[in-house]
Every structure is written in structure tokens, then in C-alpha cells.
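# Fold and contact review
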Amino acid sequence: MSTSPEHGLPCGRDSLSVWENARNDTHDQHEATCPYCQGVYEQFRILAIASDPYLAQAITAPTSLIATVMRTVLTELRPGRPLPIPSDAGPAFITDTALAAALRAALDTDPAVITHRCRIDTVDVPETARSAPNTPTQQPTPLAVQLSVAVSYEHYTRHGESVVRTRVIDTGRNLFAQQIDTVDIEIIDVFSTEVNR
Amino acid sequence: MTGLEQPVVTVHYTDRALTTLAMHLARTTQGVTRLQPQLARRAAAVARNTLGGPYHPDASAVSISREEATITVSVRLAIKLDPPPLRTLDAVAARINDAITAVTGCPTVTSLTVIDIEPPTSDLTLAIPAE
């Protein structure tokens, strides 16, 4: 059976309306006898056999759905400020929000720390020296990172700040060749990992 | 004049063709998780599909500009942290530069902007089972 791009059948009926009639079980005399319309009915029947069991199932959205959607929306609406990445292959940038996500991911590997807020600012760079996108020369701008974290009182040592600072600086340098000069850490809460087990 | 000289053939790649080429190369580079069009540009791409598609919405994450003989390709993308991001970015830029220079003969500069990071599998929200 062939149909035109406009969903027209050789008999003159529109395949979408025939499909809709099949779905609602409201066919007329023509559709009951026309071979083209019956072909559409047959396609509908085959699809219904395959899809009905799935349609009957209750849909349960994963708990992460809203977070995933909002993350995508916020990424698009607030893409962040581009920070230059030195590259021989051409100009490259990373937004401060994306860099913050990378730093968070690095800190997430430490069970003694939960990162609440990660803010990235440039350090003492005059407006005229800041690079705009697509400018040919890109030098990394010194950065200052402000972290708000909660720490585990079982695992967090008095050297914990130093570990966090080192991890942030190393992550910025190793992954994106960023020069992080300052890491300010605010400990806003403590938690027990024993409770969570 | 022998009359047998090869005819002069001029081949011109439209911005759309170069956009699609760059989009394909960027999306298929290891370490790139997705391209990230701006919302308005994605909407424009979808609207364009109704007029003269098909046009992949991801292509709106790519823009082409020409200045004299140089072609500049700008790409907004999200990448993984593994493989190392600098390697991924170099690979994307090299692939696009080489391909577009090869087909157009014009020097090409690719400007990349990392908009988002896909953390490695430690994304805790994915580990929470559906209720």
C-alpha cells in the first residue's frame, strides 16, 4: 500500500483520520470495505497488539527526572561566563558553571565532603584584559573559588581543608589548564556517615 | 587552444553544509556527550524544519562565520571528564579544522565553548531507584 507524503490514500481518504477512526472504533461503510483503509486498520491492529501491554502499564517517573530536566533548562538559560582554555588547536572556553560542575564531581569522590555551593570568580583582572569569545589569543585568567561544604565528622581531619584545596586546584589545572589562585572554604554543616549507612 | 582543457569547476560549501559537517564531527568525537544549542537557536532550528527541513536541532549549537578567506566555526558542547577534557577539545578542533580545510581549501579556526560537564558515573541522582 502506498501513501502520499500528505498521508492521502489512493481511495481519497486521509490515513491519519482512518487511523483515528480505527483507534476510536468508529469506521464508516467505506472504511469497512475499502482495501486501502483496511490496510490502515491492519497496521493499527498490529501496532496495538505490540503496544497495548506497555500502554496498560503505570508510568512511574524516576525521582531524578525533575533534577535532570531543571539542570538542562538552567544550563541553557544561565550558560555562565566563558573562561579561556589555552589550546594549540584553536580558541576554547569553558563556562564557569561547567568548571564548577567539574570541581564538584572531583570533590564528590571524597566521602568526607558534600559540596553545597561552588562559585568561581576571576582574580584582579581588569575589564579590558578579559577575553571575549572568539578572540584569537586566550590566556587563562587566575580564578578564585568559593566553596560551601558539609563535612563528615568521622572522616574529616584537621587537614581536610588542605586536601580540598589541593583537589580543587589540581582538578582545575589538570582537566582544563585553569589557574586557581584562591580556594575559600566555608563549612556550613557537619554530618555523620554512620547515620547514612 | 585545443578545446580539451579541463573546465573550471567552482565548488562552494554553504554555511549549512559546513554546519552539518562540523556538527557530525563534534558529536562523534570521543568524550563529547552532546552539543548544546541556545534555547532560542534550538527553537529556530525546529521552526526551520517545518519550512524546509530536515535540519538537526543540534546543528544550531554550531555557527559559521567567514572573514576574508578564513572560516571560523563556533561550537557549544558538553563533554565528559574522561577522556581528559583538553584531549577531547583538541580532538574536536583538529577534526573540524582538518575536515573543513580539506573540503573548502580555506584556513579554519574552531572555537569551542564547554557549556556543561557530564560527571562520571558518580551522578548520585541516577543511583536512586524509582519509587
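Each remark here, short or long, concerns the structure printed above.
Residues numbered from 1 in each chain as written. Chains lettered and ligands numbered in written order. Predicted model: local features only at pLDDT ≥ 70, side-chain atom pairs only at ≥ 80, totals over all residues. Heavy atoms only, no water.

### Details of the environment of Thr97(A)
All names here are of chain A. With respect to the element layout, Thr97 can be found in helix H5 (residues 96-108). As for Thr97 and Pro79, which are separated by 18 residues in sequence, their C-alpha atoms are 6.9 Å apart. A polar atom in the side chain of Thr97 sits 3.1 Å from the side chain of Thr95. (Helix = DSSP H or I, 4+ residues; strand = E, 2+ residues; numbered from the N terminus. Polar contact = N/O pair within 3.5 Å; in protein donor to acceptor, adjacent residues only side chain to side chain.)

### Some remarks on the pattern of salt bridges
Under the counting rule described, the total for this entry stands at nine salt bridges over all chains. A salt bridge links Asp170(A) to Arg173(A), with the shortest nitrogen-to-oxygen separation between them at 2.7 Å. Within this pair, Asp170(A) and its partner Arg173(A) are both found in helix H6 (residues 160-176), separated by three residues, close to a single helical turn. Residue Asp170(A) is classed as partly exposed on the basis of its relative accessible area, which comes to 26%. For Arg173(A), a relative accessible area of 45% corresponds to the partly exposed category. When the shortest N-O distance is used, the salt bridge between Asp15(B) and Arg66(B) registers 2.8 Å. In this pair, Asp15(B) is assigned in helix H1 (residues 15-27) and Arg66(B) in strand E2 (residues 62-67), connecting sequence segments 51 residues apart. Residue Asp15(B) is classed as partly exposed on the basis of its relative accessible area of 36%. (Salt bridge = Lys/Arg side-chain N within 4 Å of Asp/Glu carboxyl O. Buried < 20%, exposed > 50% of the residue type's maximum accessible area, 1.4 Å probe, protein only.)

### Side note on the packing of helix H1 (residues 15-24) of chain A against helix H3 (residues 35-55) of chain A
Residues and elements named next belong to chain A. Direction vectors running N to C along H1 and H3 enclose 55°, while the axes themselves pass 9 Å from each other. Judged by the angle between their axes, H1 and H3 are oblique. The element H1 and its partner H3 pack so that their crossing is right-handed. Here Ser15, Val18, Trp19, Asn21, Ala22 and Arg23 of H1 lie close against H3, whose contacting residues are Cys37, Val40, Tyr41, Gln43, Phe44 and Leu47. Along the lines of polarity and charge, the residues of the contact of H1 with H3 split into eight nonpolar, three polar and one charged. (Axes fitted to C-alpha atoms, helices over the stretch in contact; angles between N-to-C directions. Parallel < 35°, antiparallel > 145°, perpendicular 65-115°, else oblique. Left-handed = near helix turned anticlockwise from the far one by under 90°. Contact = heavy atoms within 4.5 Å. Nonpolar A, V, L, I, M, F, W, Y, C, P; charged D, E, K, R; others polar.)

### Comments concerning the sheet that holds strand E3 (residues 113-122) of chain A
All names here are of chain A. Ordered by their spatial adjacency, three strands build an open sheet running E3-E4-E5, and the pairing between neighbours is mixed. Either end of the sheet is taken by a strand with one partner, and the two such strands are E3 and strand E5 (180-191). Within the sheet, the average angular offset between the axes of one strand and its neighbour, ignoring direction, is 15°. Pairing geometry for strand E4 (residues 143-152) and E5, over 10 bridges, is parallel. Considered in E5, the bridge of Ser152 is made with Phe191. Set on the sheet, H5 makes contact with E3, E4 and E5; between it and E3 the angle comes to about 150°. Here H6 sits on the sheet in contact with E3, E4 and E5, set at roughly 135° to E5. (Pairing = 2+ DSSP bridges.)

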